[in-house]
Structures are given as structure tokens and as C-alpha cells.
Amino acid sequence: MRIPGGGLISVSPPPPTGPPPPVSSCQLPALNASRRKLSEKSPAVAHGHSRQLLPTPHPTMGWLFLKVLLVGVTFLGGLYPFVDFSYNGDTRGQKPNFVIILADDMGWGDLGANWAETKDTVHLDKMAAEGMRFVDFHAAASTCSPSRASLLTGRLGLRNGVTHNFAVTAVGGLPLNETTLAEVLQQAGYVTGMIGKWHLGHHGSYHPNFRGFDYYFGIPYSHDMGCTDTPGYNHPPCPACPRDDRAARNLERDCYTDVALPLYENLNIVEQPVNLSSLAQKYAEKATQFIQHASASGRPFLLYMGLAHMHVPLSRTQLSADSRGQRPYGAGLREMDRLVGQIKDKVDHTAKENTFLWFTGDNGPWAQKCELAGSVGPFTGSWQVHQGGSPAKQTTWEGGHRVPALAYWPGTVPANVTSTALLSVLDIFPTVVALAGASLPKDRHFDGLDASEVLFGWLQTGHRVLFHPNSGAAGEYGALQTVRLGHYKAFYISGGARACDGAVGPAQRHEPPLIFNLEDDAGEAVPLDRDGAEYQGVLPAVREVLADVLLDIAGDNTSRADYTRDPSVTPCCSPHHVACRCQGARQSDFPPGRRR
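Along each chain, the written sequence defines residue order, and numbers are assigned to residues from 1. The model is predicted, so local features are restricted to residues of pLDDT at least 70 and side-chain atom pairs to those at 80 or more, both for listing and for counting; the totals for chains, interfaces and linings are taken over all residues. Just so you know, side-chain values use all the structure's heavy atoms and leave hydrogens and water out.

Trainee: Any chance you could break down empty space enclosed by the protein for me, citing the residues and the numbers?
Mentor: As defined here, a cavity is a set of points on a 1 Å grid over the protein atoms alone where a 1.4 Å probe fits but cannot get out. A pocket is an open set with protein on both sides within 12 Å along at least five of seven lines, and residues line them when an atom is within 4 Å of a point. Grid points are joined across faces, edges and corners, and a volume is the space filled by probe spheres set on the points. Taken as a whole, the largest cavity spans an internal volume of roughly 160 Å³. Taken together, 15 residues make up the lining of the largest cavity; nearest its centre are Leu276, His309, Pro313, Ser315 and Glu335. Note on conventions: DSSP H or I runs of at least 4 residues are helices, E runs of at least 2 residues are strands, and numbering of each starts at the N terminus. Of all the secondary structure elements, the ones that give two or more residues to the lining of the largest cavity are α8 (279-297) and α10 (328-350). Residue classes in the lining of the largest cavity are distributed as eight nonpolar, six polar and one charged. Computed from the structure, the second largest cavity encloses a volume of approximately 100 Å³. All amino acids are sorted into three groups, where Ala, Val, Leu, Ile, Met, Phe, Trp, Tyr, Cys and Pro are nonpolar, Asp, Glu, Lys and Arg are charged, and the leftover types, Gly among them, are polar. Each residue belonging to the lining of the second largest cavity can be placed in one class, and the counts come to six nonpolar, four polar and two charged.

Trainee: A description of the layout of surface pockets should follow, citing residues and the corresponding values.
Mentor: Here the largest pocket defines a volume of roughly 840 Å³. Along its surface, the largest pocket is lined by 31 residues, and Asn165, Asp254, Tyr256, Trp366 and Gln394 are the ones closest to its centre. When grouped by side-chain class, the residues that make up the lining of the largest pocket number 12 nonpolar, 12 polar and seven charged.

Trainee: Describe the packing of α8 against α10, listing the residues and the values that go with them.
Mentor: It is the contact of α8 with α10, at a shortest axis distance of 10 Å, that shows an interaxial angle of 10°. In terms of axis orientation, α8 runs roughly parallel to α10. Crossing angle aside, the handedness with which α8 passes α10 is right-handed. Each of Ala280, Gln281, Tyr283, Ala284, Ala287, Thr288, Ile291, Gln292 and Ser295 in α8 lies in contact with α10, whose residues at this interface are Glu335, Leu339, Gln342, Ile343, Lys346, Val347 and Thr350. Split by residue class, the contact of α8 with α10 holds eight nonpolar, six polar and two charged. Between N-to-C directions, angles span 0 to 180 degrees; the directions come from axes that are lines fitted to C-alpha atoms, helices contributing only their stretch in contact. Geometric relationships in this document are graded by angle, where less than 35 degrees denotes roughly parallel, more than 145 denotes roughly antiparallel, 65 to 115 denotes roughly perpendicular, and other angles denote oblique. Left-handed describes a crossing whose near helix is turned anticlockwise from the far helix by less than a right angle; the clockwise case is right-handed. The contact definition used throughout considers only heavy atoms, calling two residues in contact when any of these lie within 4.5 Å.

Trainee: Got a sec to walk through the state of the cysteines? Specific residues and values, please.
Mentor: Any two cysteine sulfur atoms within 2.5 Å of one another count as a disulfide. One pass over the structure, following the stated rule, counts five disulfides. Covalent S-S linkage joins Cys227 and Cys241, the inter-sulfur distance amounting to 2.1 Å. Measuring the twist about the S-S bond at about 105°, one finds the Cys227-Cys241 disulfide to be right-handed. Of the two residues, Cys227 is situated in the loop between β7 (215-218) and β8 (263-265) and Cys241 in the loop between β7 and β8; the sequence distance between them amounts to 14 residues. Cys241 matches Cys227 in its accessibility class, with the two residues each being buried. In this model, Cys573 is linked to Cys582 through a disulfide, with the two sulfur atoms separated by 2.2 Å. Exposure categories follow from relative accessible area, calculated using a 1.4 Å probe and restricted to protein chains: below 20% of the type maximum is buried, above 50% is exposed, and the middle band is partly exposed. Take Cys582: its relative accessible area is 14%, and that puts it in the buried class.

Trainee: Summarise the pairing of strand β6 (residues 191-196); cite the residues concerned and give the values.
Mentor: For β6, a buried count of six out of six residues is recorded, marking the element as mostly surrounded by other parts of the structure. As defined by bridge partners, β6 adjoins strand β10 (residues 301-306) across six bridges and the pair is classed as parallel. Note that in β10 the partner of Thr192 across the bridge is Leu302. In this structure, β6 lies alongside β7, joined through three bridges in parallel fashion. Note that in β7 the partner of Met194 across the bridge is Tyr216. The pairing criterion for strands is at least two bridges between them, as found by DSSP.

Trainee: Give me the lowdown on helix α15 (residues 533-554), citing residues and values where you can.
Mentor: For α15, which comprises 22 residues, the first-to-last C-alpha distance of 33 Å matches the rise-based estimate of 32 Å (1.5 Å per residue) to within 8%. To get the bend at a given residue, fit one axis to the seven residues ending there, fit another to the seven starting there, and take the angle between those axes. Of all the bends in α15, the greatest reaches close to 25° and is centred on Leu539; the proline Pro540 follows between one and four positions later. Taken together, the buried positions of α15 are occupied by Tyr535, Val538, Leu539, Val542, Val545, Leu546, Val549 and Ile553. The inward-facing, buried residues of α15 abut α6 (157-160), β15 (465-469), β16 (480-485), β17 (488-496) and β18 (505-517). Between the first and last residue of a helix there are one fewer steps than residues, each counted as 1.5 Å, and that sum is the expected span.

Trainee: Quick rundown of the environment of Asp450? Include the residues and the values.
Mentor: Take Asp450: it is sitting in the loop between α13 (428-435) and α14 (452-455). As for Asp450 and Gly462, which are separated by 12 residues in sequence, their C-alpha atoms are 9.0 Å apart. In contact with Asp450, other than residues within four places in its own chain, are Pro430, Thr431 and Ala434. Separated by 2.5 Å, the side chains of Asp450 and Ser452 make a polar contact. Polar contacts here mean pairs of N or O atoms no more than 3.5 Å apart (in protein, one a potential hydrogen donor and the other a potential acceptor; neighbouring residues in sequence count only if both atoms are side-chain atoms).

Everything listed here is a matter of geometry and, on its own, says nothing about what the molecule does.
As C-alpha cells, then:
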């Protein structure tokens, strides 16, 4: 089956003088965690000298920590994030702006421009008509944290150290010696913002404000990893947060009932539990404010948005407000589509000719959520379905990692173009760095490529080879046992994730590997005959490219993530309240100008 549709360098303020700024109660979890960590190394901390609280993974971290602490300073009756939009020179028209929007658990077939059965993405379909649509675009992993780590580093999990998801109690995150896209652009004079799901560590120096983002507003991990008062649709359903200590504990293992879901603005928890019914609109408001202020300042900007959609739980508000009364997933898809439309409209009205907008997804749909999961389109993983389990999220079948992808940049990216180039989320890092005129870090190897010439319409080819890391369904996390070579795909291991019916496909090792021809068999139904000429012709090349990448990784500057768990690092605004309920926290607007 063929594919359808074939002058200011740093944003840091001057060193503060006098006593440190006041710290709100909602900042205490992060500060206390840093105190515990540093007290092991510094007697001064153990004796209460608060200035030793600054984590120092690199020389500028101390001032950055004080910078984000200024979020707690009250100005004209409100809390303001300290984002330095000013610039002494003129960069307008010299460097492009970047808006990267990452959907969560969105299937390839959830985009109407990809799959005619989908009617819920009018804004995204319009963006496809006005820009470039990629039909062979892939997440770097088939689950949350590894995919996001690869987006921000341009490196596979075996290099950057992030091979599986971080827990609510995770002590670590994306290793601190990994350089993020935001850090590279920050050094190039960009103002940087991150809105939405982070899921790369929330404790101490792993927080987004310490990973190159001047501004952060969002949830530190998936929004099903904490209870709320508006639980939304989930399968199985989860209860609301308890109101008192006598509330019955929910025994469903997929539900979190002990700690409410937190919403951060920089280091502040501004809401706990989060109101999921209004979260999408809050994200839209913060994003448009960021774009407006950055555009008005004349500074180039990077805005990275990690949407809650289409991950469960899905909002109940949108379904009840939807006149068409369709299923919850369709209502959530339309809500996400409207949110992206708002961001695009803001870009069009403020910096249309100089802003590159990239929309894609972190992995395929979560099939075990049944009717609350999305569509894989034609990428049905039929061979695995017959073995049992799901061939979507957490697997290396096409439904697990082939994701929607759109590029929009009027006057630069040609309109109404469908690209069949083999590309990946890994390519976002080197492409954006190149377009910004910045340089890649010199002490490491990258798995992504600069896709600029594809974006400009000059080339129709991308990668010759991609590797799809194990993401939970089978094999060791992060291991490279699935190889894409041209239109061939080889599996040295296969397995099915939990399906809607609860079935799990057993892990099966294949030596020699299963090989599919995706050009003729997009549904991965029938592997090539191992004795046939086609199989025998491609097998040596598969073995060679796999051996080459493993040798390259062995000699590379690699990292190792800390997956240690400690309940004391769980984000908690008010530990004396049931489920860490936070009372009276306020959100802020952006300041009208530069503030010190």
C-alpha cells in the first residue's frame, strides 16, 4: 500500500545586590530540593547560609537562578515573570523567529490533510495548504521523555541518556551536560520561552528555566500524572483529587490520587490542582503574549510549545460545549486545532514574514485508551496485530513513531507542497540552529540533519537511514533494534504495547530480521521472504548501517540520565494540605517593558 498524498548577548540581568528577593511558598519545593542536594557538599548550606542555594552546573547558572527568583517579586499588585525582551542593537529582519509546537499522542491519521476520514483539523489543514506537509516524518522515540529530549538535543537516547519517561518523583532529568536548542539560541541573542508539557526533569537544575528557557509556563510532566478537580475523560476513568484525609484511595494503578497536578510559571506553582478545562486557553494566552512582546522588542525569539492534546485525560468542557456532539476525542482534536490556529494567527499578525512555525507530534496514539486514542491512518502494523497487542505508541511499528508534521513560513517555505522526504524530530535541532546562524556544539555527534534545503523546496530527500529506539513494548529501553533504510524497515525485535482489549504482544527476537517494504506495504502486514532476492539484497546494508551507528555511539560523548526516585522532590505547593492543594496562587501577565 502506498502512502496517501504522496548588542545584548545574554538575557541575564546584572548581578543583584543586597539580600536575595523574597521567595513565595510555591517556590519552596524547588528551593528545598536544591538545598538538600547542595548541603551534602557545602557546610555553609547546612548552617543556613541561603546564598549557597544556587546550583552551579555551569558559570552562568547562579545568576539565572536569581533571575527566575524575581518571579516572586510583586509589582503593581501582580506577579511578573522576569523576561528581558530588550536589545541594544537591531536584529529585526536579520534572524528568523521559531515557533515549535509539539502535539502529544497525536496519530498520523488525526490530521485531516493526511487522512480524509478526519474532519476536525481545519486550522492545521489550512496551514498545510499554506506551507509544507511531510508524510514520512518520525518521532525520535515512541514515548514522551525520550522524544522530547531528542527534539531539544538532536540526539538519540543512547547519546543524550534519556531512554524512558521520568516519574513524578524523579530526581534527575535531561543530563545537564547535554546542550539544549534553547541554550544554543540564547547564546545567539534569542529570547526563549517554553509553554506546556516539559517532562525532562523538574527538580533543581533540570527545570526549564535552567535549560535555556527565559520563560516557562506549563506542567512538568504528562497531565495524567496528578489528580485534578476536573478529571476529564480517561480509560479507565480516574477520580477527582481528594478534599480531605478521609477520602478513599483509588486503587487503579493508572491513576494518581496522592498529589494534585501542578501548573508552573517559571519557578512558581501558580495552580495545584490544574483546572484542565481552561488549560488550553491559558496556553494560548501565554503564547500570544510571549509572541507579542518578543516581536515588539525587536529580538528574535524561540517559542517551544508542548501541548497537552491529544494525551488523556481529555477535557469534558469542550465536549459539552460542542454543538456537533461528537465523541470526546474529536472534540479534543478540534480544541487543539483551534489553539494552534490562535498561535498561527498571532504569528501572522506580528511577524509573519520572519517566523518559522513547525508543528509535529511526540509519538503515535495510545491505543490502550480505546475510543480516547487517535488514528494511525494506513500504518496499521498488521503483522503485530495478528501476534497480539497494539502497534502504536511505545512500539517501533510505524503507528508508534510516524507523526503529522507541517512547516509554515510564508515567502520562504513553498505553499501547498507535500514532501515525501524521510525526516525526523531529530532534525529540528540542527535545522533551527542553521537557520538562526548559530553553531552546533563541537564536542558531540548528532543524529539529526539540517533539513533547510528540503524546507526551501530545493531537495526531495532527507535521511537515507533512521533508527527507531525501543520505547517500552519490547527490548531494552533506547536500544536500536529497528532500522529504516530507504523504503525498507528491519526489525531485530518486535512486540505489541497494551491494546484496548488489554492484550500485550510478546517480545519476539528476529535473527535474521523481519524486513518490510514500506513502499508496497505501509501497513507492515507481510515481511519479505528471507530467501528472496529482494531480502538478500537489502540485508547486508541493514547490518552495515546498524553496526556503523553503534560504533559511532560507542566513541561519542554520551550522557547518562539519573532515573533515581525520591518522593520528597514531588512538586507540592502546600504540603500541609491534602493533595498539595495550593490556595490563592496567581498567574501573571508579561511586563509592559524591561524590569529589573
